Amino acid sequence: MKTNFKDLLDNRLSINSYLWPKYIDTYEFIEAILKAGIKNVGLHTGFIEEFGINKLKEELKLNKINVTSINSVGYFTDQFYYKQHEKIFNYAKILKPDVVCIISGGILGGPNPNSTEFNLENNVLNIEKIRKDSVAQLQYLFKKAEEQNITLGLEPIGSWDILKKGHFNSITSCLNLVKKNQHKLIIDLYHSFADFKLDSFLKNSPKLGLLQFSNIKFDDNWRPIGRKILNKQNNINNVDLSKYLKSVLKRREKINVEFEVFQSDIKGIDPRLIIANLKKEILELL
């Protein structure tokens, strides 16, 4: 039987609010996804706070929009960001996302390599020690989330972002951390497109909580440096998005696929046009 990808996308396509600029009213983002027939949304804390948590809850409920992810908790190497988990868990209790994204944080501290909370010991990146310390903090978050019936989605981060973003870098290492609990993995193709386990994990693992996708931008030295929208598919350096989207959409479980780009990736492009054309562009790939 031929797979009806249009129907699957109608139910399982999500788009993350990271692409939405601060200079356009947050309500217009909800309006744009409704016009595009998108029934799911990923949310980041800045958007939630700008919209207002209670107002957002009512708007999502009224329009029957499901929340695929809230982004993000973790950042274990930065004490300021790490302490934000209680606030974000409260958002999750109200908005009931499929998963709350958890990111381990950069070796040099937090979400950016400019934190003063972490100092190198003798100018050596002690990755093993930092990972060991982070596992203890991760287990604490797992326990707190379980007490509140929240599912976390641990995201493997590409090793090129180990200094500023995350120090749990492979699907295998992250899978080992969630295999004995209720939590899952968020696979972001930007970070995991080269992972040895990617194909088999997307097709078969019960620990897949969400697939995040975009096209990938590479620099002149062939290193990944950002995300591209889908109508750039004729450019060089394309990842085979079709294969990975099909792997997830064909699964019997309802695992959603979330388009994620950032404002810095779409400079000068109207996000409303990206949202309006998203389904059509995905179907052209499939």
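Calculation notes
- Residues numbered from 1 in each chain as written.
- Predicted model: local features only at pLDDT ≥ 70, side-chain atom pairs only at ≥ 80, totals over all residues.
- Heavy atoms only, no water.
- 1 Å grid on protein atoms, 1.4 Å probe; cavity = no way out; pocket = protein on both sides within 12 Å on 5 of 7 lines; lining within 4 Å.
- Points joined across faces, edges and corners; volume = space filled by probe spheres on them.
- Pairing = 2+ DSSP bridges.
- Helix = DSSP H or I, 4+ residues; strand = E, 2+ residues; numbered from the N terminus.
- Axes fitted to C-alpha atoms, helices over the stretch in contact; angles between N-to-C directions.
- Parallel < 35°, antiparallel > 145°, perpendicular 65-115°, else oblique.
- Left-handed = near helix turned anticlockwise from the far one by under 90°.
- Contact = heavy atoms within 4.5 Å.
- Nonpolar A, V, L, I, M, F, W, Y, C, P; charged D, E, K, R; others polar.
- Buried < 20%, exposed > 50% of the residue type's maximum accessible area, 1.4 Å probe, protein only.
- Arc of directions from axis to C-beta.
- Polar contact = N/O pair within 3.5 Å; in protein donor to acceptor, adjacent residues only side chain to side chain.

Engineer: Tell me about empty space enclosed by the protein, and name the residues and values.
Structural biologist: Applying the stated criterion to the full structure yields one cavity of 30 Å³ or more. Roughly 60 Å³ of internal volume is contained in the largest cavity. Lining of the largest cavity is provided by 13 residues; of these, Ile-103, Glu-155, Lys-165, Glu-260 and Phe-262 occupy positions nearest its centre.

Engineer: Break down the sheet that holds strand S2 (residues 40–44) for me, with residues and values.
Structural biologist: On the basis of which strands lie adjacent, the closed barrel formed by eight strands has the order S1-S2-S3-S4-S5-S6-S7-S10 and parallel pairing. The average angle at which neighbouring strand axes cross in this sheet is 30°, direction not considered. For strand S7 (residues 208–213) and strand S10 (residues 257–259), the ladder comprises three bridges, and the chain directions are parallel. Looking at the pairing, Gln-212 lines up with Glu-258 of S10.

Engineer: Just give me the short version of the packing of helix H4 (residues 53–62) against helix H6 (residues 85–95), but keep the residues and values in it.
Structural biologist: Close contact between H4 and H6 brings their axes to 10 Å; oriented N to C, the two are set at 30°. In this view, H4 runs roughly parallel relative to H6, as classed from their interaxial angle. Helix-helix and strand crossings are classified by hand; for H4 and H6 the assignment is right-handed. Residues Ile-53, Leu-56, Lys-57 and Leu-60 of H4 form the contact with H6, whose participating residues are Tyr-91, Ile-94 and Leu-95. Residues that form the contact of H4 with H6 fall into these classes: six nonpolar, no polar and one charged.

Engineer: Let's hear about helix H2 (residues 26–35): which residues, and what values?
Structural biologist: Here H2 has its buried residues at Thr-26, Phe-29, Ile-30, Ala-32 and Ile-33. The buried residues of H2 occupy an angular sector of 160° when the element is viewed end-on, so they sit on one face. Buried residues along H2 sit against strand S1 (13–16), S2, helix H3 (45–51), H4 and helix H12 (271–285). The N-cap of H2, judged by a side-chain oxygen 2.7 Å from the amide nitrogen of Tyr-27 a few residues on, is Asp-25.

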